[in-house]
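# Commentary on secondary and tertiary structure
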Amino acid sequence: MRDDVVILVAEDEKGHYILTRHCLRRGGLSNEIVWLEDGQETLDCLAALDRRKDYVLLLDIRMPKIDGVGVLARMKSDDELRHIPVIMVTTGDAAANIARCRQLGCSGYVVKPVD
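Here the structure is a predicted model, which is why all the values come from computation and not from measurement.

## Digging into the packing of aromatic side chains
Per the counting criterion, the structure on display carries one aromatic pair. Ring geometry for Tyr17 and Trp35: centres 4.9 Å apart, planes at 10°, overall stacked. On the criterion of sequence distance, the pair formed by Tyr17 in helix α1 (residues 14-26) and Trp35 in strand β2 (residues 33-36) is long-range, its members being 18 residues apart. Assessed through its relative accessible area of 8%, Tyr17 is described here as buried. Owing to a relative accessible area of 22%, Trp35 belongs among the partly exposed residues under this scheme.

## Quick notes on the side chain of Lys76
Mapped onto the elements, Lys76 comes out in helix α3 (residues 68-76). For the buried Lys76, no salt bridge exists, and the shortest N-O distance to an oppositely charged side chain is 10 Å, to Asp78. A polar contact is formed between the side chain of Lys76 and the backbone oxygen of Arg82, at a distance of 2.8 Å. Among residues more than four places away in sequence, those in contact with Lys76 are Arg82, Ile84, Val86, Leu104 and Gly105.

## Describing the sheet that holds strand β1 (residues 5-10)
What the five strands build is an open sheet, ordered β2-β1-β3-β4-β5; its pairing is parallel. Two strands lie at the open edges of the sheet, namely β2 and β5 (108-111), each paired on one side alone. Pairwise comparison of adjacent strand axes, ignoring direction, gives a mean angle of 20° for this sheet. Of the strand pairs in this sheet, β1 and β2 are connected by four bridges, and their pairing is parallel. Bridged to Ala10 within β2 is Leu36. The strands touched by α1 are β1, β2 and β3 (54-60); relative to β2, the strand with the most contacts, the crossing angle is about 165°. Strands β3 and β4 (86-90) of the sheet are contacted by α3, whose axis makes an angle of about 170° with β4.

## Some words on the nonpolar core
Ranked by internal contacts, the top residues of the largest apolar core, which has 25 residues, are Leu8, Leu46, Leu59, Leu72, Met75, Met88 and Cys101. Taken together, the elements giving at least two residues each to this core come down to β1, α2 (39-47), β3, α3, β4 and α4 (95-104). Contact partners of Leu72, with chain neighbours within four places excluded, come to Leu59, Val86, Met88, Cys101, Leu104 and Cys106. The next biggest cluster of nonpolar side chains, apart from the first, holds 11 residues, and it includes Val9, Leu29, Ile33 and Val89.

Parameters and conventions
Residues numbered from 1 in each chain as written. Predicted model: local features only at pLDDT ≥ 70, side-chain atom pairs only at ≥ 80, totals over all residues. Heavy atoms only, no water. Phe/Tyr/Trp six-rings, centres within 6.5 Å; stacked < 30°, edge-to-face > 60°. Helix = DSSP H or I, 4+ residues; strand = E, 2+ residues; numbered from the N terminus. Buried < 20%, exposed > 50% of the residue type's maximum accessible area, 1.4 Å probe, protein only. Lys, Arg positive; Asp, Glu negative; His and termini not counted. Salt bridge = Lys/Arg side-chain N within 4 Å of Asp/Glu carboxyl O. Polar contact = N/O pair within 3.5 Å; in protein donor to acceptor, adjacent residues only side chain to side chain. Contact = heavy atoms within 4.5 Å. Pairing = 2+ DSSP bridges. Axes fitted to C-alpha atoms, helices over the stretch in contact; angles between N-to-C directions. Core = buried A, V, L, I, M, F, W, Y, C linked by side-chain atoms within 4.5 Å.

Geometric values such as these leave the question of function open.
Below, the structure is given as structure tokens:
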């Protein structure tokens, strides 16, 4: 990944965010990482993005205020945001969730280990 791409991590559990950040760093990424704690904060951040930068969003499905599927649906219906790659991240791997996220236009889907 290019170093100038900002990684947005929408994750309500601080421990999961810290682990995600650790894994990204251990994988050799030195990109700026921004933590967003709920769906509304994520949408607020997306509305204020610097359009001169590129972003990728790691988006938890189960979040307070607005869940990840709701955030994804709003992003993909917005001409300014739909180009941002979104990787859905969750502890659940229900086929219906995967199908819905793919239908909405997510770029990928990662299931977090629960143990």
